[in-house]
Amino acid sequence: IKELISKLSISLHKEIIGIIYNPFREEGIQNQDVLFLTELLKNTSYIYPLIILHGPGGNFAPSVYIPHIIKKYVTKYKVFVPGICSSALCYTIFKAEELILLPNSKITQIDPKFNYNGEELRAINHLHCSDPSLKDTAREVFDAAQKQVEELIKRPSIFKYRFLDPGEFQHTELIVSHFMNKEKHETPITTKELEEIELNFTINTNEEVNTISKLFIERCTEFMCQKEVRVIFISSIPLKIENDEGTYVCPLK
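Residues numbered from 1 in each chain as written. Predicted model: local features only at pLDDT ≥ 70, side-chain atom pairs only at ≥ 80, totals over all residues. Heavy atoms only, no water.

**Student:** How would you summarise the environment of glutamate 195 if you had to cite specific residues and measurements?
**Tutor:** With respect to the element layout, glutamate 195 can be found in helix H6 (residues 191-196). Placed 122 residues apart in sequence, glutamate 195 and tyrosine 73 show a C-alpha to C-alpha distance of 29 Å. (Helix = DSSP H or I, 4+ residues; strand = E, 2+ residues; numbered from the N terminus.)

Below, the structure is given as structure tokens:
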């Protein structure tokens, strides 16, 4: 894993932080991930890192906080999605300078889910339901998510947007449509739709980068399954965690 991220760092000319989640674990992003990332960024010097994201989403609150904590410690960053970035993990993209994709990369929906009577539901599907309690809960959850998205898309952000009036973003409805309102939560967003909302992205067609990045994700997944861990943080430069310099791969249960 260390050798592969080093090769990617050389090929892409960037310091790299990989945040890779186990696709076979349902928990996804947890509060402790934010705490760990804070310590990582606080103690390790990055100038303009490339954040590699892969895996499912997770808890809403820490997911929304991740891009803000990154921006607290670095002036700017890019995001690279070589495979799939799902659900709440996508929030990290919104504060990046640029999104780099491969031809087969997938970015999925970001609309919030909530548990209701033991069932996990998409809030957007129940905003107009006949059950008053369910409708009110769905509205509360969805409005909270939409408010956070509106905060994330403010400049500086991944969007090359224009304003109609001061403070008014002309693509808000398209973001809801493309990122939050598709038939299934797992439905990906097309590159045409990313262009429509003026998201600053490029598709990397370099075959070497394509091959190395796919192998990198495979090795990370194998490592997480073998070690029975939920997520691993990987860096192309030595991490300083609790005064221990030299670590490149840090797993969290």
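**Student:** Could you give me a rundown of the side chain of histidine 126, with the residues and numbers involved?
**Tutor:** By secondary structure assignment, the location of histidine 126 is in the loop between strand S8 (119-122) and helix H4 (132-152). For histidine 126, a relative accessible area of 18% translates into the label buried. Each residue touching histidine 126, except ones within four places of it in the same chain, is listed here: Leu121, Leu134, Lys135 and Ala138. (Buried < 20%, exposed > 50% of the residue type's maximum accessible area, 1.4 Å probe, protein only. Contact = heavy atoms within 4.5 Å.)

**Student:** With reference to specific residues and values, describe the pattern of salt bridges.
**Tutor:** Within the structure shown, the criterion is met by 10 salt bridges. Between glutamate 98 and lysine 78 there is a salt bridge, and its shortest N-O distance comes to 2.9 Å. Highlighted residues: glutamate 98 in strand S5 (residues 98-101) and lysine 78 in strand S3 (residues 78-81), separated in sequence by 20 residues. Both residues of the pair, glutamate 98 and lysine 78, belong to the buried class. (Salt bridge = Lys/Arg side-chain N within 4 Å of Asp/Glu carboxyl O.)

**Student:** Describe H4, with residues and values.
**Tutor:** With 21 residues, H4 extends 30 Å between its outermost C-alpha atoms, agreeing within 8% with the 30 Å of an ideal straight helix rising 1.5 Å per residue. All buried positions along H4 are accounted for by Leu134, Ala138, Phe142, Ala145, Val149 and Leu152. Taken around the axis of H4, the buried residues stretch over an arc of 65 degrees, which confines them to a single face. Among the exposed residues of H4, those pointing more than 90 degrees away from its buried face are Pro132, Glu140 and Lys147. In the core, the buried residues of H4 are packed alongside helix H3 (60-73), strand S7 (113-116), S8 and helix H5 (172-180). One side-chain oxygen of the residue at the start of H4 lies 3.0 Å from the amide nitrogen of serine 133, identifying that residue as aspartate 131. (Expected span 1.5 Å × (residues − 1). Arc of directions from axis to C-beta. Polar contact = N/O pair within 3.5 Å; in protein donor to acceptor, adjacent residues only side chain to side chain.)

**Student:** I'd like a rundown of the pairing of S7, residues and numbers included.
**Tutor:** Burial along S7 is one-sided: the residues Phe114 and Tyr116 are buried and none of Lys113 and Asn115 is. Note: S7 against S8, 4 bridges, orientation antiparallel. Bridge pairing in S8 links lysine 113 to arginine 122. Count of turn residues in the S7/S8 antiparallel hairpin: 2 residues, of which asparagine 117 carries a positive phi of about 55 degrees. (Pairing = 2+ DSSP bridges.)

**Student:** Tell me about the environment of glutamate 98, and name the residues and values.
**Tutor:** Glutamate 98 sits in the buried class, given a relative accessible area of 13%. Along the backbone, glutamate 98 and phenylalanine 201 are 103 residues apart, and their C-alpha atoms lie at a distance of 5.5 Å. With residues near it in sequence (within four places) discarded, glutamate 98 still touches Tyr77, Lys78, Val79, Ile158, Asn200 and Thr202. At 2.9 Å, the side chain of glutamate 98 forms a polar contact with the side chain of threonine 202.

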